[in-house]
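# Coordinate inspection notes
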Amino acid sequence: MTDAAVAVRGLTKVFPVPFHRQWSRRKPRDIDGQPEGVTSREASYQSVVAVRDLDLRIEPGEVYGLLGPNGSGKSTTLKIILGLVSPTRGQTEIFGRDSSLVESREAVGFLPENPYFYKYLTGEETLRFFGKLCGLSGARLRERADQLLELVGLTNARDRRLSTYSKGMLQRIGLAQALIHEPKLLVLDEPTAGVDPAGSRDIRNLIVDLKRRGITVLLSSHLLAQAQEICDRVGILADGVLVCEGRLEELIAIENQTELVLENASDALVDQIKTLATSSNAKLIARRRSTTTLERLFLDATSEGSNK
Amino acid sequence: MSNETAAITRHRAFSVARVFAITTNTLTELTRLKVFYVLLIFALLLIGSSIFMARLTFQQEFQILKDVSLGAMSIFTSLLAIVATARLIPQDLEDRTVYTILAKPVPRFEYIVGKLTGVLLLLAISTLVMSAMFLAVLYIREQAVLHETLRQMSAAPREQIDDALRAVRSSALNIDIFPGIVIIYLKACLLAALTLFVSTFATTNIFTIVVMVFIYFIGHLQATAREYWLQEHSTGWITHSFLALVALIFPDLQTFNLVDDIVVGAAIPLGLFAKTAVLGIFYTTIYTLLATFVFYGKEL
Amino acid sequence: MMRFAYHAAALRRSVLVLAMVLAFGVMKLPGERALFVQHRQLHFRGVEFNLDLREQLGQLGFIAALSGFRSIVADVLFIQAHVAWERTEWSRVLLLFRQVTTLQPRAILFWDMAAWHMAWNASVAAMNDRTQPRLALRVKAQREYFALGKDFLERGIKNNPEKPQLYETLARLYKEKYKDHASASEFFAKAAALPGAPGYEKRFAAYELSYCEGREREAYQRLRQLYDAGENERLPTLITRLKFLEQKLNIAQDQRIPDEGR
């Protein structure tokens, strides 16, 4: 059996609440009296349980979406997987290597939510900086930076300072730096948050492209429609607990319903189908004119005049 | 699959290249600070202004020039060490740049060391610039005074002229100033490392700077507290333990003020210089390790 | 402090860090003390335990003086003293120089200037003081300024025993103000014995000795020795004093130095 891209077992994270905030917050929303499975010693201080008893297993090559409302523990989970935050209990591994080990990070690229990079660096310098942190140098690094600038479509902006970049461009350069050392796993925290539809589409296309190249992607999002488009599997977190998990099509399929989409169908034809359905014990429950999505409309409209 | 994994396991526990990348980046970041230029220009103006102080005798002039210049260097480097370091880590935390860096295979120790080395480089550059300015001003004034002396003494015997010129030269530059400058630099390094340590558990820059200003002043009085603690036993136990705490927690910054004695011509034995330098490096190392320790326990 | 997270782990960590700081504090003590002792031996850091200075400068000034601003504070006070001198405010000059020399006890220049202002400038001013009609009181004031100058020099020497300059000034003070040739000779000789002393100190010590009643023989030998040392030492004053002593001691003609026959 090969190692899972990400394995999380029995993960619990309790954040201490700074003393001064305990007084100012009268009725904290997500503070439990005595969280389940948390020892009394841990609970003797007021604390926030960000993640509770989480088990996850992400197979190599899949795109996994960690979904949930703001504050449900998605970011904390990702940070623990990346070793940025230490778990209170439980274990996380990346390709079989414990997250607390620095070398586990060789196989992973990370794009934080709303990333800020050093504003005084140009796009290319940013990639070179992060490349050096991953042990790249010389021709190899230059080549890799060129490739990635091409991949994320920032070749023309390579010599511009990041302070002049738009939100979408920052997100793309962030994606490029996450990929600089050719990681097998990509962790993206809200990759499309705050990006306009065109930028968001670009990023989703990139993710699909990466999946095609065999890269495992773990992303968190609260934008469900977008996650639906690209994720193979999703897990839904609520208050730090994984409430639902599975393959996307299985989760959202309505077992006893089938959709037909017809072009140039006359009213007579539809009536005929309806009769046919009734005669075989089926029932037509909806009949409506197909619509495009607002996003599609927006993308078509905006891409006509300008070539983005 | 297993082959691939083997290929990437060759991770180095400490990599100079990674530290260097963080160092150069930090240096770039710091040279973009306006406060750096304001302080540097102020210090240079102070040193440069000494050139117009011709009202006094040359001994007085040289002495004041040296006092003011080295004093300005000492204060500027200390201040820069504190101000530049205080914002370094909090800024990265606030901007979340630290996430992207530490999500790479970079040990936190390397991050801390890289950041600190960036500050130390900046301090070294500033010290060099100020030293160059100081030596240039001193040289210009020395030449002027030598010319003047020669002109006034043109009729005097050779021996007397030589004596007079020697007097001018010896009161201008004494070679002990150079170890003095090195000690000024080491004091700034110590303060930078200490500031980094404080900034790992403080949450705001202002908090760090205020704490550091306190430490700066108390550090200069530490020797006094320490000697009272170790020699006077007549004090009450509260005073006694207070003095002990001051002596143990704070560094003895007075030790690094050798330059106050050097400017007036005191010679610094090599052994003393070496011991002071070792103490400075020792402090800097310990504070860096402490900063690393706190940073390792930090939830990002 | 309030920003600390009061969680068991965090608390444990804070205590651990504090313990490490204290342990490091114990480790550093011997090194700090060794340096401190060495500084003391070299007459550095003369100001730290000076309670007088604390009273003179006030608490804030004292802390500033100790916090890396010491030489600059001394310079500012020195320039103030210079201004006070130009206005002939002698008591202010005295007060400021006391502070300056306490702050920078290693600065020869400051001790030298302080003594010069007292013994040479203030003393003359006191003698010429038109507001004081009684001569006896003017002379008394003048003597007091001599003593102040001498006191500055003696304390300066105590702080800088290895530098010849202050010994020389003290010798001049004895010679010019007290007319005490024996003491003057003694201090010129002390200056001459130190490394870096100018060549004339030794001659001056011998000249002064030649004025001392009862020590002519000793003075003669020293001067003769210098004369024999070579052409460079045979300056007009040396020859005059030597001839004077030859006369006084009745040195045999054949042992006397030649007349102008150099």
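Everything numeric here is computed off the predicted structure, so don't read it as measured data.

## Considering the environment of Ile257(C)
Residues and elements named next belong to chain C. Residue placement: isoleucine 257 occurs in the segment after α10 (236–248). Classification of isoleucine 257 by relative accessible area gives buried; the value is 5%. Note: C-alpha distance between isoleucine 257 and alanine 125 (132 residues apart in sequence) is 44 Å. When near neighbours in sequence (up to four residues on either side) are disregarded, isoleucine 257 contacts Arg224, Tyr227, Ile239, Leu242, Lys243 and Glu246.

## Focus: the pairing of strand β2 (residues 47–58) of chain A
Residues and elements named next belong to chain A. Of all the 12 residues making up β2, 9 are buried; the element is thus mostly covered by neighbouring parts of the structure. In this sheet, β2 lies alongside strand β1 (residues 6–16) in antiparallel orientation, the contact comprising 8 bridges. When the sheet's bridge partners are listed, phenylalanine 15 is paired in β2 with valine 48.

## Re the nonpolar core
Core analysis: the largest hydrophobic core is formed by 218 residues, its most contacted members being Phe129(A), Ile173(A), Leu186(A), Leu218(A), Leu70(B), Phe197(B) and Tyr287(B). Top element by residues in this core is helix α9 (residues 177–201) of chain B. It accounts for 15 residues. Residues contacting Leu70(B), with those up to four places away along its chain left out, are Phe134(B), Ile177(B), Ile181(B), Ile184(B), Val259(B) and Val263(B). Ranked by size, the runner-up nonpolar core spans 15 residues in total, among them Tyr207(C), Leu223(C), Leu242(C) and Ile251(C).

## Some points on the pattern of salt bridges
On inspection of all chains with the given rule, the structure shows 41 salt bridges over all chains. A salt bridge links Asp252(B) to Arg226(B); the nearest nitrogen and oxygen atoms lie 3.0 Å apart. Of this pair, Asp252(B) sits in the loop between α11 (237–249) and α12 (258–262) while Arg226(B) is found in helix α10 (residues 205–231), placing the two residues 26 residues apart along the sequence. The partner of Arg70(C) in a salt bridge is Asp260(B), with the nearest N and O atoms 3.5 Å apart.

## Some thoughts on the packing of aromatic side chains
The final tally for this structure, using the stated rule, is 25 aromatic pairs over all chains. Put simply, the rings of Phe117(A), Tyr118(A), Tyr120(A), Phe129(A) and Phe130(A) touch in pairs and so form one group of aromatic residues. A cation over a ring is seen here: Arg108(B) above Phe295(B), with NZ or CZ 5.7 Å from the ring centre. One residue, Arg241(C), lies across the ring of Phe244(C), its end atom 4.5 Å from the ring centre.

## Brief notes about the interface of chain B and chain C
Counting residues at the interface gives 61 residues for chain B and 47 residues for chain C. Of all residues in chain B, Leu248(B), Asp260(B) and Phe293(B) bury the most surface against chain C, accounting for 12% of the area lost on that side. In this assembly, chain B and chain C are joined by 4 salt bridges. Seen at the junction of chain B and chain C, the total is 13 residue pairs in polar contact (both at pLDDT 80 or more). A total of 14 residues in the side of chain B that touches chain C trace back to one element, the largest contributor, which is α10(B). Partitioning the side of chain B that touches chain C into residue classes produces 38 nonpolar, 15 polar and 8 charged.

## Focus on helix α3 (residues 90–103) of chain C
With 14 residues, α3(C) extends 20 Å from end C-alpha to end C-alpha; this agrees with the ideal 20 Å at 1.5 Å per step. With 10 of 14 residues buried, α3(C) is to be regarded as a mostly interior element.

## A short note on the sheet that holds β2(A)
Residue and element names in this part refer to chain A. The sheet built from 4 strands is open, its strands ordered β2-β1-β4-β5 with antiparallel pairing. Among the strands making up the open sheet, the edge pair consists of β2 and β5 (97–98). Across the sheet, helix α3 (residues 74–81) lies against β1, β2 and β4 (89–94), angled at about 115° from β1, the strand it touches most.

## Details of the environment of His220(B)
Here His220(B) lies in helix α10. Classification of His220(B) as buried rests on a relative accessible area of 0%. Sequence separation of His220(B) and Asn257(B) is 37 residues, and the distance between their C-alpha atoms is 9.1 Å. Those residues in contact with His220(B) that lie beyond four places of it in its chain are Lys187(B), Leu253(B), Gln254(B), Asn257(B), Leu66(C), Ser67(C) and Gly68(C). A polar side-chain atom of His220(B) sits 3.1 Å from a polar atom in the side chain of Lys187(B). A distance of 2.8 Å separates a polar side-chain atom of His220(B) from the backbone oxygen of Tyr216(B).

## Points about the sheet that holds strand β6 (residues 108–111) of chain A
Residue and element names in this part refer to chain A. Read from one edge of the open sheet, 6 strands run β6-β7-β8-β3-β9-β10, paired in mixed fashion. The open sheet terminates on both sides in strands that have one partner only, identified here as β6 and β10 (241–247). Adjacent strand axes in the sheet meet at a mean angle of 15°, parallel and antiparallel pairs treated alike. Along the sheet face, helix α6 (residues 167–179) touches β6 and β7 (185–189) and points at about 165° away from the line of β6.

## Digging into the confidence of the model for chain A
Mean pLDDT over chain A: 83, with 88% of residues reaching 70 or higher. Overall, residues 20–44 of chain A carries pLDDT values under 50, and its contacts beyond four positions in sequence, including any with other chains, amount to 30 contacts.

## Considerations on the state of the cysteines
Under the defined criterion, the tally for this structure stands at 0 disulfides over all chains. For the unlinked cysteine Cys231(A), the closest cysteine sulfur is that of Cys244(A), found at 13 Å.

Here is what the cut-offs are and how they apply
Throughout, a residue's number is its position along its own chain's written sequence, starting from 1. Chain letters and ligand numbers both follow the written order, the letters beginning at A and the numbers at 1. Selection of residues for local features in this predicted model requires a pLDDT of at least 70, selection of side-chain atom pairs for listing and counting requires 80 or more, and totals for whole chains, interfaces and linings are taken over all residues. The side-chain values count all of the structure's non-hydrogen atoms but skip hydrogen atoms and water molecules. What counts as a helix is a DSSP run of H or I of at least four residues, what counts as a strand is a run of E of at least two, and both are numbered from the N terminus. Each residue's exposure class comes from its accessible area (1.4 Å probe, protein chains only) as a fraction of the maximum for that residue type: buried when under 20%, exposed when over 50%, partly exposed otherwise. Any two residues having at least one pair of non-hydrogen atoms within 4.5 Å are treated as being in contact. Should DSSP find at least two bridges between two strands, the strands are regarded as paired. Side-chain atoms within 4.5 Å are what join buried Ala, Val, Leu, Ile, Met, Phe, Trp, Tyr and Cys residues into a set we call a nonpolar core. Salt-bridge detection follows one rule: a side-chain nitrogen of Lys or Arg within 4 Å of a carboxyl oxygen of Asp or Glu. Aromatic rings from Phe, Tyr and Trp, taking only the six-membered ring of Trp, are treated as a pair when their centres fall within 6.5 Å; an angle between ring planes under 30 degrees marks them as stacked, one over 60 as edge-to-face, and anything in between as tilted. We call a charge positioned over a ring when the NZ of a Lys or the CZ of an Arg lies within 6 Å of the ring centre and within 35 degrees of the ring normal. Reported buried area values correspond to the accessible surface (1.4 Å probe) lost by two parts on association, with both partners' losses combined. The definition of a polar contact used here is a pair of N or O atoms within 3.5 Å, where within protein one atom must be able to donate a hydrogen and the other to accept one, and adjacent residues in sequence count solely through side-chain atom pairs. Residues are grouped as follows: Ala, Val, Leu, Ile, Met, Phe, Trp, Tyr, Cys and Pro are nonpolar; Asp, Glu, Lys and Arg are charged; all remaining types, including Gly, are polar. Expected helix span is taken as 1.5 Å per residue step, with the number of steps being one fewer than the number of residues. As a rule, the C-alpha atoms of each element are fitted with a line to give its axis, helices using only the stretch in contact, and angles between N-to-C directions run from 0 to 180 degrees. pLDDT is a per-residue confidence score from the predictor, ranging from 0 to 100. The definition used for a disulfide is geometric: two cysteine sulfur atoms within 2.5 Å.

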